[in-house]
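The residues making up each chain are set out below.
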Amino acid sequence: AATVTDLKGETTYTFVLKRNGKTRGSIKFTTELDLAGAIKVTADDDWYSILQAGQDGDVFAFMPGEYAAYATEGGTAFSGITLSKSISIKAAKSTDRPVFSGFNFKLEAGVSLDLLNVVFDGNKHSDQFIVYAADGDIDHLNISGCEISNYVKGFFYINVAAVINNITIDNCLIHDIECSGGDFFDSRKGGYNTFNLTNTTIYRSAAKRDVFRYDDASGSVSAASVINVDHCTFAEVGNGAANYRIFYVRFKGNSISFTNNVVADFNNARGFSEQKNTAVPTFEGNYYFNTENLVKIADGNTQAIQCFDSKGTVLSESPFKNAADADYTVTNDDISYLKAGDPRWIK
């Protein structure tokens, strides 16, 4: 007998038995999916109830399939999943992600949420993707490798006295979030300490609203707010020629960095910000195409914009292969060489 360790999950192996240099037998087999202790969930399960019954620290690995909002036992279709425990939701197979549609998340007091390699289609859900519903401190919100789209109001909403220690959104595609009745990343009565938005593409969103809205709730909650936006691609975000901006940040003592990004088709009148309480961002390595009021003020604009990216590079033509079809593959040699924007588009 022999014990063989360190085999990979869902991998086909061939074992060969030899004696005196001759093959005496062989067998081929495929290892089972390695869920690393996660709870396996399939589209045939009552996954709605499974998530709601989750306990702190549970990790749910969803098999490939479609997970749409459906009528609960009482006959009423649910539009949101309320979580009272901190859980993780991930794809069982990162190459074949589960697709969720038609609902959002409502997080109760102290609830952290991890989302990894899953697809969320709001299907024109009327609310934000994530809504914080109760006061209190929260450790984190981590979203990685996800695609999130089609929520009408915005991405997240903090309208309670809740402070999230760390928000990380990395390696995601976020698109077609209209922001009707709310801003994109929207914090009103609460806040966060650190928000890292990295290696992510946001497109066709925040049509006539702010990208980052962070009201000053420092009278009721305490936060040391740092926003870092790095290696992201923005296309048709805030493209409404309206009186909105990228950063509407008024929480006291805020700090912002905006580095190595590619921004295209942004023409809002207030540029990065005209708010005196918004920290002047640290700018470095950014590229701009068809953007007004980000590098300099547009002719005829009377807004009192407080900051510009004077070091940013202005492009005379689109750096993308086919923006109309959301193909943001970079065709600009300088951007490719310096690897600005979301890395997924550098070929």
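Rules used throughout
- Residues numbered from 1 in each chain as written.
- Predicted model: local features only at pLDDT ≥ 70, side-chain atom pairs only at ≥ 80, totals over all residues.
- Heavy atoms only, no water.
- Salt bridge = Lys/Arg side-chain N within 4 Å of Asp/Glu carboxyl O.
- Helix = DSSP H or I, 4+ residues; strand = E, 2+ residues; numbered from the N terminus.
- Buried < 20%, exposed > 50% of the residue type's maximum accessible area, 1.4 Å probe, protein only.
- Contact = heavy atoms within 4.5 Å.
- Pairing = 2+ DSSP bridges.
- Axes fitted to C-alpha atoms, helices over the stretch in contact; angles between N-to-C directions.
- Phe/Tyr/Trp six-rings, centres within 6.5 Å; stacked < 30°, edge-to-face > 60°.
- Core = buried A, V, L, I, M, F, W, Y, C linked by side-chain atoms within 4.5 Å.
- Patch = residues over 30% accessible without salt bridge, like charges linked within 9 Å, V, L, I, M, F, W, Y side chains within 5 Å.
- Areas by Shrake-Rupley, 256 points an atom, 1.4 Å probe, with all protein chains shown as cover.

**Q** Account for the pattern of salt bridges, with residues named and values stated.
**A** Any two side chains of opposite charge can pair if their charged atoms end up close together. On inspection of all chains with the given rule, the structure shows 14 salt bridges. A salt bridge links R245 to E274; the shortest N-O distance between them is 2.9 Å. Pair noted here: R245 is in the loop between β23 (233-237) and β24 (247-249) and E274 is in the loop between β26 (262-266) and β27 (282-284), with a separation of 29 residues, a long-range link. There is no split in this pair, since R245 and E274 are both buried. The partner of D342 in a salt bridge is R344, with the nearest N and O atoms 2.6 Å apart. The exposure class assigned to D342 is buried, which follows from its relative accessible area of 1%.

**Q** Provide a residue-level description of the environment of A217, including the pertinent values.
**A** Checked against the element boundaries, A217 lands in the loop between β21 (212-214) and β22 (226-230). Along the primary structure A217 and D299 are separated by 82 residues, whereas in three dimensions their C-alpha atoms are 35 Å apart. The contact partners of A217, leaving out residues within four places of it in the chain, are R188, K189, G190 and F251.

**Q** Can you tell me about the pairing of strand β16 (residues 162-170), naming the residues and giving the values?
**A** As judged from the eight bridges shared by strand β13 (residues 136-144) and β16, these two strands associate in the parallel manner. Residue G136 lies in a different strand from β16, and its bridge partner there is A162. Where β16 and strand β19 (residues 191-198) come together, seven bridges link them in parallel fashion. When the bridges of β19 are listed, N166 appears paired with T194.

**Q** Tell me about the sheet that holds strand β14 (residues 147-151), and please be specific about residues and values.
**A** The ten strands lie next to each other as β5-β8-β11-β14-β17-β20-β23-β26-β28-β29, forming an open sheet whose pairing is parallel. Strand pairing shows two members of the sheet lacking a second neighbour, β5 (66-68) and β29 (313-315), which therefore form its edges. Ignoring which end each strand starts from, the neighbouring axes of this sheet average 15 degrees apart. As paired elements, strand β11 (residues 119-125) and β14 share four bridges and run parallel to each other. When the sheet's bridge partners are listed, D121 is paired in β14 with S149.

**Q** Can you tell me about the packing of aromatic side chains, naming the residues and giving the values?
**A** For the structure shown, the criterion picks out 44 aromatic pairs. Here W47 and F103 contribute two aromatic rings whose centre-to-centre distance is 5.6 Å and whose plane-to-plane angle is 40 degrees, an arrangement assigned as tilted. Linking W47 in helix α1 (residues 47-52) with F103 in the loop between β8 (99-101) and β9 (104-107), this pair joins segments that are 56 residues apart in sequence. Here W47 falls in the buried class, since its relative accessible area comes to 2%. Summarising the aromatic geometry, the rings of F184 and F185 are spaced 4.7 Å apart at their centres and angled 85 degrees between planes, so their arrangement reads as edge-to-face. Classification of F184 by relative accessible area gives buried; the value is 0%. For F185, a relative accessible area of 0% corresponds to the buried category.

**Q** A description of the nonpolar core should follow, citing residues and the corresponding values.
**A** Among the nonpolar cores identified, the biggest contains 79 residues, and W47, F105, I143, F155 and F212 are the most heavily contacted of them. Those residues in contact with F155, other than ones at most four positions away along the chain, are Q128, F129, I130, I143, I148, I169, I174, I177, D183, F184 and F185. Residues A235, V262, Y287 and F289 belong to the second largest nonpolar core, which totals 16 residues.

**Q** So what about the pairing of strand β20 (residues 201-205)? Which residues, and what values?
**A** Judged by how many residues are buried, β20 sits mostly within the fold: four of five residues are covered. One ladder, built from three bridges, connects strand β17 (residues 173-175) with β20; its direction is parallel. Looking at the pairing, L173 lines up with T201 of β20. Here β20 runs beside β23; their pairing, made up of four bridges, is parallel.

**Q** Could you give an account of the sheet that holds β16, naming the residues involved and the relevant values?
**A** Backbone hydrogen bonds are what pair the strands of a sheet, in a parallel or an antiparallel way. An order of β3-β4-β7-β10-β13-β16-β19-β22-β25-β27 is seen for the ten strands of this open sheet, with the pairing classed as parallel. Of all strands in the sheet, those bounded by a partner on one side alone are β3 (39-41) and β27. When strand polarity is set aside, the average angle formed by the axes of neighbouring strands in this sheet is 10 degrees. Note that strand β4 (residues 59-62) and strand β7 (residues 87-91) share four bridges and pair parallel. Each residue of the ladder has a partner; that of F62, found in β7, is A91.

**Q** Break down a nonpolar patch on the surface for me, citing the residues and quoting the values.
**A** A contiguous nonpolar surface patch, about 320 Å² in accessible area, is contributed by V4, L7, F15 and I27. Relative to the helices and strands, I27 resides in strand β2 (residues 22-30).

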